[in-house]
Structure formats: C-alpha cells, structure tokens
Amino acid sequence: MLEAKDAVKRAKEHGTVIPAYNIPYLPMVKPVIQAVVDMNSIAMIQVARVEWEKFGSQSLEAVAEEYKKYMDPKHTLLHLDHVPVIDEDMKEVDYMPIIERAIKAGFQSVMIDASRLDLEGNIKATKQVASAAHAAGIPCESELGAVMGHESGPRIPYEEIFATKKGFTDLEEAKKFVKESDCDWLSVAVGSIHGAVAENLRNQKKPEARLDIDHIKALSAATNIPLVLHGGSGINKECIREGIKAGIAKINVGTEIRQAYESALLGDEKNVEAAQKAVYDKVCEVITDMLCIKDTRSLLYEG
Ligand code: 13P
C-alpha cells in the first residue's frame with residue numbers, strides 16, 4: 001500500500017510529480033483510477049468541500065466508499081482537498097469535524113486551507129489540523145498566499161494577477177509558516193489560478209496560466225518541503241515541466257476532467273458511460289501529454 005508522504009517525497013527527489021484528480025461527481029472515480037493504473041502512474045483521488053457542497057460528490061464518505069471499490073494500492077491514494085477555514089463565499093467553516101470525519105473514513109492525507117486568514121491565524125489553524133493528522137499517521141497540506149479563482153465575486157483578469165503578482169506567496173512568510181505550522185506540503189501561489197466554481201462561470205474555458213519559475217525555486221529552497229500547485233488545469237505546458245523541476249511535487253487537476261465529464265454527459269444521466277470514457281481519455285492525456293508521467297510507478301518504486 002502506498003503512503004502519501006513517501007510518494008510525494010519520492011516524486012520531489014526524482015523531479016517528478018504526483019497529480020491529484022478532483023472528484024466533483026462520483027462516477028468519475030472509476031475512470032480516473034482506471035487511467036492511472038493503465039498508464040502505470042501514481043495519483044491521488046481527491047475531493048474538496050466545495051465539490052460536495054456545490055457539485056455532485058455528495059460527501060467525503062461517499063467519495064471514500066466509491067474509491068474503495070476501485071482503488072489500486074500500488075497506484076492510488078485518497079486525499080482530502082481544500083477544507084477552507086473561510087470558504088469561497090466568505091463564510092466561516094467548522095473545519096475540525098470535517099478533518100476528523102476524513103481521518104475516520106480512511107483518507108491518507110488532508111488539506112487545511114486557512115489562506116483567507118492572516119499569517120498568525122493561518123499558522124494556528126494549520127498547526128491544529130497538522131497535529132490531528134500526524135496523530136493519525138498522515139500528512140497535512142496547507143496553503144499560503146492566494147490561489148485565486150474560487151471566489152464568487154468579480155474575477156480579476158489573469159494578466160493583471162500575473163503582472164502584479166497578486167496574492168503570490170511571500171518568501172519570508174513561507175519560511176516562518178513552514179517552521180511554525182508543522183505542515184508537510186505547502187500549496188503556493190506562483191501564477192496558477194483555480195477553475196471557477198460559481199454556477200455561472202464554471203463552464204468557461206480557463207485562461208492559460210503561466211508560472212513564476214524563479215519564485216518556485218526560491219520557495220522550494222526557503223521551505224525545503226514539497227510544494228503543491230493548485231489550479232493545475234490549463235497551465236502552459238512548458239511552465240508545468242519547469243515548475244516540477246523547480247520543486248512542485250503534487251499538482252491538483254480539477255476543471256480539465258470535470259468539464260470533459262460534464263460536456264459528454266450533456267445533462268443526461270443516461271450518458272454516464274460516455275462521460276466516464278471522456279474522463280478516462282482526458283486523464284490519459286494529462287498523464288502522457290501534459291505532465292509526461294507515464295510509468296511513474298516504475299520510476300518511483302521499482303527503478
Ligand atoms: P483546476 O480546477 O484549475 O484544475 O484546479 C484544481 C485544484 O486546484 C483543486 O484544489
């Protein structure tokens with residue numbers, strides 16, 4: 001059975017990446033896992049709170065149950081994505097019970113997102129979750145800086161975000177954060193944006209994002225822990241490859257596979273098989289063409 005902390009550590013050492021695929025609809029679990037196994041790859045299956053609140057994944061327990069039907073212990077891991085302390089609608093979330101439910105349901109790593117708090121608040125919340133995760137023997141991811149895109153308010157044009165470095169993770173803060181929060185992996189804001197989740201925007205194509213590679217290198221050197229890239233869909237491919245070499249060891253991919261599912265489903269539940277096939281094809285494409293990580297199972301564990 002894979003262990004999340006070990007898999008991400010190995011990815012960093014080998015200059016490769018563990019992708020984490022989001023599950024906004026339960027029937028996506030099966031084709032995602034099938035593609036990962038067929039490509040001899042390694043990946044996390046993950047769900048964020050917003051996906052059971054605003055999409056169709058029902059609950060973290062429902063995803064865990066679906067995962068257990070199809071999981072392959074040599075290729076897959078189960079991760080809890082964004083549990084926000086303040087959510088995308090600026091509402092406070094009672095986050096500890098969610099983390100505890102995930103641990104009970106068998107998630108192998110968890111993320112706490114306290115990035116809408118100030119630095120001290122973020123450290124405090126992360127420490128609390130990291131301590132619960134570590135007591136259960138699993139790693140904790142957290143976020144520092146603002147990876148934009150989930151907000152329901154007006155969107156800032158992408159070029160403005162990149163040019164002004166709006167929300168980018170601060171180097172000095174990152175050093176302090178990692179030292180004091182006890183997190184295992186850090187999600188950083190370095191140019192990527194999340195695909196929109198607001199109902200009126202979620203079908204839009206994402207603008208192509210770029211990454212500040214020098215900033216990733218500096219963050220990696222300053223923190224010395226694996227970095228996580230959120231908003232993995234629709235990033236310039238060259239930037240992704242450079243970003244991985246610079247210290248990104250986990251990448252989240254959501255919109256790309258969700259939109260493939262939704263457009264093949266065409267609002268008709270009878271089309272689930274076609275939608276699953278579209279997800280399978282898209283995950284194969286992400287593995288071979290976008291991330292170039294076919295055969296990571298052999299590279300990380302048998303090579
Ligand atoms: P995308 O939907 O932009 O791929 O981002 C996914 C993500 O970062 C989930 O945490």
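Residues numbered from 1 in each chain as written. Predicted model: local features only at pLDDT ≥ 70, side-chain atom pairs only at ≥ 80, totals over all residues. Heavy atoms only, no water.

Caption draft 1: Up close: the overall build of the protein. Across its full length, the protein holds 13 helices and eight strands. Taken along its principal axes, the extent of the C-alpha atoms in the protein is 50 × 45 × 40 Å. Within the protein, buried positions represent 59% of all 303 residues. Partitioning the contacts of the protein with sequence separation of at least 6, the portion at a separation of at least 24 is 76%. Of the roughly 12500 Å² of accessible surface on the protein, 50% is carried by carbon and sulfur atoms. When the 37 positive and 47 negative side-chain charges of the protein are each reduced to one mean point, those points stand 2 Å apart. (Helix = DSSP H or I, 4+ residues; strand = E, 2+ residues; numbered from the N terminus. Buried < 20%, exposed > 50% of the residue type's maximum accessible area, 1.4 Å probe, protein only. Contact = heavy atoms within 4.5 Å. Areas by Shrake-Rupley, 256 points an atom, 1.4 Å probe, with all protein chains shown as cover. Lys, Arg positive; Asp, Glu negative; His and termini not counted. Charge placed at Lys NZ, Arg CZ, Asp CG, Glu CD.)

Caption draft 2: Highlighting the UniProt feature "binding site: dihydroxyacetone phosphate" (unreviewed entry) in the protein. Cross-referencing UniProt, the feature "binding site: dihydroxyacetone phosphate" (unreviewed entry) maps to Gly195, Gly231, Gly232, Ser233, Asn252, Val253, Gly254 and Thr255 in the present numbering. Taken together, the annotated residues stretch across 61 residues yet fold into one region, lying no more than 11.0 Å apart by C-alpha. The annotated residues named above include Gly195, Gly231, Gly232, Ser233, Asn252, Val253, Gly254 and Thr255 as those lining the largest cavity. Along the polypeptide, Gly195 turns up in the loop between strand 6 (185-188) and helix 9 (213-223). (UniProt positions renumbered as here; feature names shortened; annotations may be inferred. 1 Å grid on protein atoms, 1.4 Å probe; cavity = no way out; pocket = protein on both sides within 12 Å on 5 of 7 lines; lining within 4 Å.)

Caption draft 3: Inspection of the side chain of Glu262 at higher detail. Take Glu262: it is sitting in helix 11 (residues 255-265). Overall, the relative accessible area of 17% leaves Glu262 in the buried class. In contact with Glu262, not counting residues within four places along its chain, are Tyr25, Phe55 and Asn203.

Caption draft 4: Examining unusual backbone geometry more closely. If you check the backbone angles, Asn40 has positive phi at about 50° while not being a glycine. Positive phi, normally seen in glycine, also occurs at Cys292, with a value near 55°. Looking at the secondary structure, you find Cys292 in the loop between helix 12 (272-290) and helix 13 (296-302).

Caption draft 5: Geometry of helix 6 (residues 119-135). In this model helix 6 runs 24 Å from its N-terminal to its C-terminal C-alpha over 17 residues, within 8% of the 24 Å that 1.5 Å per residue would give. Turning to helix 6, its buried residues number three or more, namely Leu119, Gly121, Asn122, Ile123, Ala125, Thr126, Val129, Ala130 and Ala133. Contacts from the buried residues of helix 6 go to helix 5 (95-105), strand 4 (109-113), strand 5 (140-144) and helix 8 (171-181). Note on helix 6: the residue one or two positions beyond its end, Gly137, has a positive phi of about 80°. (Expected span 1.5 Å × (residues − 1).)

Caption draft 6: Spotlight on the nonpolar core. Counting residues in hydrophobic clusters, the biggest one holds 91 residues, and the most contacted among them are Tyr21, Leu80 and Leu186. Sorting elements by how many residues they give to this core places helix 12 first, with eight residues. Setting aside its immediate chain neighbours within four residues, Leu186 contacts Ser142, Glu143, Leu144, Ala174, Phe177, Val178, Thr223, Ile225, Pro226, Leu227 and Val228. In terms of nonpolar packing, the next biggest core, distinct from the first, is built from 14 residues, Ala4, Val8, Ile42 and Trp185 among them. (Core = buried A, V, L, I, M, F, W, Y, C linked by side-chain atoms within 4.5 Å.)

Caption draft 7: Here's a closer look at empty space enclosed by the protein. Summed over all chains, the structure comprises one cavity of 30 Å³ or more. Residue lining of the largest cavity: 23 residues in total, with Asn22, Glu51, His150, Gly254 and Thr255 positioned closest to the centre. At the level of secondary structure, the elements contributing two or more residues to the lining of the largest cavity comprise helix 3 (49-53), strand 3 (76-84), strand 8 (248-253) and helix 11. Partitioned by chemical class, the residues of the lining of the largest cavity number seven nonpolar, twelve polar and four charged. (Points joined across faces, edges and corners; volume = space filled by probe spheres on them. Nonpolar A, V, L, I, M, F, W, Y, C, P; charged D, E, K, R; others polar.)

Caption draft 8: Focus on the environment of Glu238. By the secondary structure assignment, Glu238 is in helix 10 (residues 237-246). As for Glu238 and Ile216, which are separated by 22 residues in sequence, their C-alpha atoms are 14 Å apart.

Caption draft 9: Local environment of the packing of helix 5 against helix 6. Where helix 5 meets helix 6, the closest approach of the two axes is 10 Å, and the angle between their N-to-C directions is 20°. Accordingly, the angle class assigned to the pair helix 5 and helix 6 is roughly parallel. In the crossing of helix 5 with helix 6, the sense of the turn from one axis to the other is right-handed. Facing Tyr95, Met96, Ile99 and Ile103 of helix 5, the residues of helix 6 in contact are Ala125, Gln128, Val129, Ala132 and Ala133. Tallied by class, residues from the contact of helix 5 with helix 6 come to eight nonpolar, one polar and no charged. (Axes fitted to C-alpha atoms, helices over the stretch in contact; angles between N-to-C directions. Parallel < 35°, antiparallel > 145°, perpendicular 65-115°, else oblique. Left-handed = near helix turned anticlockwise from the far one by under 90°.)

Caption draft 10: Main features of the environment of Tyr261. Within the secondary structure, Tyr261 sits in helix 11. With relative accessibility at 2%, the residue Tyr261 sits in the buried group. Put simply, Tyr261 and Ala222 are 39 residues apart on the chain and 39 Å apart in space, counted from C-alpha to C-alpha. The residues contacting Tyr261, other than those within four sequence positions of it, are Tyr25, Pro27, Met28, Val272, Ala275, Gln276 and Val279.

Caption draft 11: Examining the UniProt feature "binding site: Zn(2+) 2" (unreviewed entry) in the protein more closely. Here, the residues flagged by UniProt with the feature "binding site: Zn(2+) 2" (unreviewed entry) are Asp113 and Glu143. Across 31 residues of sequence, these annotated residues stay compact in space, with a maximum C-alpha separation of 5.5 Å. Checking the named residues against the second largest pocket, the ones that line it are Asp113 and Glu143. Take Asp113: it is sitting in strand 4. Using a relative accessible area of 6% as the deciding quantity, one classes Asp113 as buried.

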